[in-house]
Amino acid sequence: MPAVVISTHAGHELDAVSDAVDDVNVLKAKIWDSQSEFDSTKDKTNFRQYETACDRVKNFYKEQHEKQTVAYNIKARMEFKSRKRARMGIWQAMEMLNTLVDDSDPDTELSQIEHLLQTAEAIRRDGKPEWMQVTGLIHDLGKLLYLFGSEGQWDVVGDTFVVGCAFSDKNIYPDTFAGNPDFHDAVYSTQHGIYEPNCGLDNVMVSWGHDEYLYSVVKDQSSLPAEGLAMIRYHSFYPWHREGAYTHLMNEKDRVALQAVRAFNPYDLYSKSDEPCDTEKLRPYYEDLIAKFFPSEIDW
């Protein structure tokens, strides 16, 4: 595995932005029909109000919305296919992600590995299947992209959206797309853009980040079912799974995926406020579980 060096400050900044983005999404969250049991007693009104989101989040989305172009997304996907960044197992990847951040985060005392374990444990406590527990355990490992040469924070974290057609007004801070060159493009600015109606999300480019990167890594290197892969690929696609945008691009397969992602979302958002997990105590259980769905090492 190649040596990766990143400053503690840079890692902390990414984690701080990621946490702030999550805070905003918690505040916008709705209760879906398939309600999870573990968060039924949580007071979701205790989180910061959406309108008072910190300037860091607003500035982050302005940069993301201006730079996530069709051209960039084609380039990112080509670069993913052109090289191997590392070869390691899932637990090793979790430990590597844990080195990304300073544990003295002002918004949460939880490390990255604890968030992954909390998500998996909440799913486990609700009696969900093993494949969903593993999905919760690994869902944020795509943030390793920041260690592997991303262009910044804007192409790793944050809500995702479709590029190649008109930017939906259901995206967060939709006015900031005006600085994106595609906003003014004669084709990309139309409702369907470069896509056919109901072509299916498999045939659409959703903005590049840790979701799409991890999906690209695990889809051919695991035995996770389609629902688990959808949870990984679309968990940050809030304009779609929460706000109802981009339905004109969906097919029947996507409707099944949508229900899966909506079922997963509460575990991702609300498990952060739980008590820290005992990593060493839980490790044997999850390493056995990982082995059911992954080989000992995979390419990253």
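Remember, it's a predicted structure, so these values are computed and weren't measured experimentally.

A. The arrangement of the packing of helix 6 (residues 130–138) against helix 8 (residues 226–234) in detail. Interaxial distance between helix 6 and helix 8 falls to 10 Å at its minimum, and their mutual angle equals 20 degrees. For the element pair helix 6 / helix 8, the angle class is roughly parallel. Crossing handedness for the pair helix 6 and helix 8: right-handed. Together, Trp-131, Met-132, Thr-135 and Ile-138 of helix 6 and Glu-227, Gly-228, Met-231 and Ile-232 of helix 8 make up the contact between the two elements. Class assignment for the residues of the contact of helix 6 with helix 8 results in five nonpolar, two polar and one charged.

B. Summary view of the nonpolar core. Formed by 55 residues in total, the largest nonpolar core has its most connected members in Ile-90, Ile-138, Leu-141, Leu-144, Phe-148, Phe-294 and Trp-300. Looking at which element gives the most residues to this core, the answer is helix 4 (residues 90–98), with six residues. Excluding its chain neighbours within four sequence positions, the residues that come into contact with Leu-144 are Met-88, Ala-93, Met-96, Leu-97 and Trp-300. By size, the runner-up hydrophobic cluster in this structure holds 24 residues, among which are Val-70, Phe-161, Ala-257 and Leu-258.

Rules used in this analysis
Residues numbered from 1 in each chain as written. Predicted model: local features only at pLDDT ≥ 70, side-chain atom pairs only at ≥ 80, totals over all residues. Heavy atoms only, no water. Axes fitted to C-alpha atoms, helices over the stretch in contact; angles between N-to-C directions. Helix = DSSP H or I, 4+ residues; strand = E, 2+ residues; numbered from the N terminus. Parallel < 35°, antiparallel > 145°, perpendicular 65-115°, else oblique. Left-handed = near helix turned anticlockwise from the far one by under 90°. Contact = heavy atoms within 4.5 Å. Nonpolar A, V, L, I, M, F, W, Y, C, P; charged D, E, K, R; others polar. Core = buried A, V, L, I, M, F, W, Y, C linked by side-chain atoms within 4.5 Å. Buried < 20%, exposed > 50% of the residue type's maximum accessible area, 1.4 Å probe, protein only.

Nothing here speaks to function; it is all geometry.
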